[in-house]
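A closer look at the structure
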Amino acid sequence: MSGPLGVLGVTGPIYLLIAAGFALIRFGVFARADMRVLGKYVISIGLPALLFNALSSRNFAEVLNPVFIAAYALGTLATLSLGLLWARRVERKRLSASAIMAMGMACSNSGFIGFPLVAQLFGPATAGLCLALAMLVENLFIIPLLLAVADSDVGEGHAGEGRWRAALAQSMRGLVRNPMIHGIAIGMLFSLLQWRLPEPAERAVNLLAASSAAISLLVIGGSLAGVQARGMLRDVTAVALGKLLVHPALVLLLVMLLPPMARELQVAVVLMSAVPMFGIYPVLAQKHGHDGMAAAAQLGTTVASFVTLTVLLGALGARG
């Protein structure tokens with residue numbers, strides 16, 4: 001990757017496919033409901049197959065990279081803490097609204113945007129490993145924590161504390177039914193025991209895994225069609241700045257402070273934190289009545305990320 005054209009060669013295909021997904025909805029080729037079906041395919045089949053492939057083909061010592069996990073987890077935790085503090089103390093928002101804003105700042109779309117981006121730089125094997133590590137942090141720690149904080153917004157006292165514990169327990173139970181967690185767990189088991197699938201099954205899984213990147217980007221673009229961002233500029237700007245600037249800056253700081261790891265993993269963990277928020281962000285916000293703000297923030301952040309990711313890739317390339 002050298003020069004502006006080299007950087008655009010990485011980011012350009014990502015946003016061309018997002019734009020194509022947007023156009024498919026706007027011109028009636030697909031309905032918005034079709035994007036939900038395609039998204040369900042990616043989450044339930046494509047990404048689990050990809051995660052299994054990435055982990056099962058590696059030595060178990062490579063799979064659990066503690067420095068990558070620490071940089072991503074601590075940087076994400078610091079971002080959501082700052083987001084909560086800003087929303088509560090500066091904007092005087094309720095706890096549920098604060099948690100949803102912090103979620104937009106701290107929860108990356110590592111599967112639908114982060115993986116395709118890193119795969120173009122370092123190949124699908126490295127990108128799949130980084131995706132698995134990022135998803136472990138997001139699904140086992142960050143998302144359950146933020147959902148529990150949002151669901152605990154019922155007032156002070158023991159009732160609120162009890163609701164917080166119940167919400168956290170419900171979030172953790174949901175992991176048992178998450179196909180992506182299944183893909184990670186089975187891939188780790190195969191890696192630990194050094195098992196291999198029979199060749200026909202392995203090729204079938206490879207085909208499923210290869211399908212996820214392009215479809216996921218079309219889904220992101222389609223989900224943005226029809227979103228309105230009027231009247232929410234302040235909140236949308238805050239969430240976008242937190243997601244695109246604060247989150248990667250804090251992760252980069254931790255990468256520099258923590259023990260060194262392979263160069264591609266250093267770049268990948270920063271890129272994973274620099275992509276827009278995950279696709280189901282408005283869905284999770286809907287329960288608390290903040291889905292309009294979440295959808296608008298997702299639209300604004302995704303559009304702005306073309307510039308921020310292009311600049312970040314150029315800076316990281318210049319340092320490499």
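Anything mentioned here points back to the structure above.
Presented here is an overview of the structure given in this document. (Residues numbered from 1 in each chain as written. Predicted model: local features only at pLDDT ≥ 70, side-chain atom pairs only at ≥ 80, totals over all residues. Heavy atoms only, no water.)

**What to know about a nonpolar patch on the surface**
Quick reminder of the rule: The residues that make up patches have over 30% relative accessible area and no salt bridge, and they are joined within 9 Å when like-charged or within 5 Å when they are Val, Leu, Ile, Met, Phe, Trp or Tyr. In these tables, accessible area is a Shrake-Rupley quantity obtained with a 1.4 Å probe, and a residue counts as shielded only by the protein chains included in the view. Whenever Lys or Arg places a side-chain nitrogen within 4 Å of a carboxyl oxygen from Asp or Glu, that contact is recorded as a salt bridge. The way it works is that DSSP assigns letters per residue, a run of H or I at least four long becomes a helix, a run of E at least two long becomes a strand, and they are numbered from the N terminus. Throughout this description, buried means an accessible area under 20% of the type-specific maximum (1.4 Å probe, protein chains only), exposed means over 50%, and partly exposed covers the range between.
Taken together, the side chains of Leu 82, Leu 85, Leu 241, Leu 245 and Val 246 make up a nonpolar region of the molecular surface, amounting to roughly 430 Å² of accessible area. Where the nonpolar patch is concerned, the elements lending two or more residues are helix 4 (66-90) and helix 11 (233-257). The biggest single contributor to the nonpolar patch is helix 11, with three residues. Here Leu 241 shows up in helix 11. When its relative accessible area of 43% is taken as the criterion, Leu 241 is described as partly exposed.

**A short note on the packing of aromatic side chains**
Selection rule: Ring geometry is summarised as follows: Phe, Tyr and Trp rings, the Trp one being its six-membered ring, pair when their centres sit within 6.5 Å, and such pairs are stacked at plane angles under 30 degrees, edge-to-face over 60 and tilted between the two.
Tallying each qualifying case throughout the model produces four aromatic pairs. Ring centres of Phe 190 and Trp 195 lie 5.4 Å apart, and the angle between their planes is 85 degrees; on these two criteria the pair is classed as edge-to-face. The class for Phe 190 is buried, based on a relative accessible area of 14%. Counting every residue linked through ring pairs, the aromatic cluster contains Phe 52, Phe 190 and Trp 195.

**Overview of the environment of Phe 190**
Convention followed: Any two residues whose heavy atoms approach within 4.5 Å at even a single point are treated as in contact.
Structurally, Phe 190 is set in helix 9 (residues 179-193). Through-space distance from the C-alpha of Phe 190 to that of Leu 117 is 26 Å; in sequence the pair is 73 residues apart. For Phe 190, the residues in contact, after removing those within four places along its chain, are Phe 52, Ser 56, Trp 195, Arg 196 and Leu 197.

**Details of helix 6 (residues 110-122)**
Keep this limit in mind: An expected span of 1.5 Å times one less than the residue number is assigned to each helix.
End to end, helix 6 covers just 15 Å across 13 residues, shorter than the expected 18 Å (1.5 Å per residue, more than 12% under). Burial runs high along helix 6: ten of the 13 residues are buried. Every buried residue of helix 6 is accounted for by Ser 110, Gly 111, Phe 112, Ile 113, Gly 114, Phe 115, Pro 116, Leu 117, Val 118 and Ala 119. One or two residues past the end of helix 6 sits Gly 123, with phi positive at roughly 90 degrees.

By themselves, these observations are geometric and do not establish any function.
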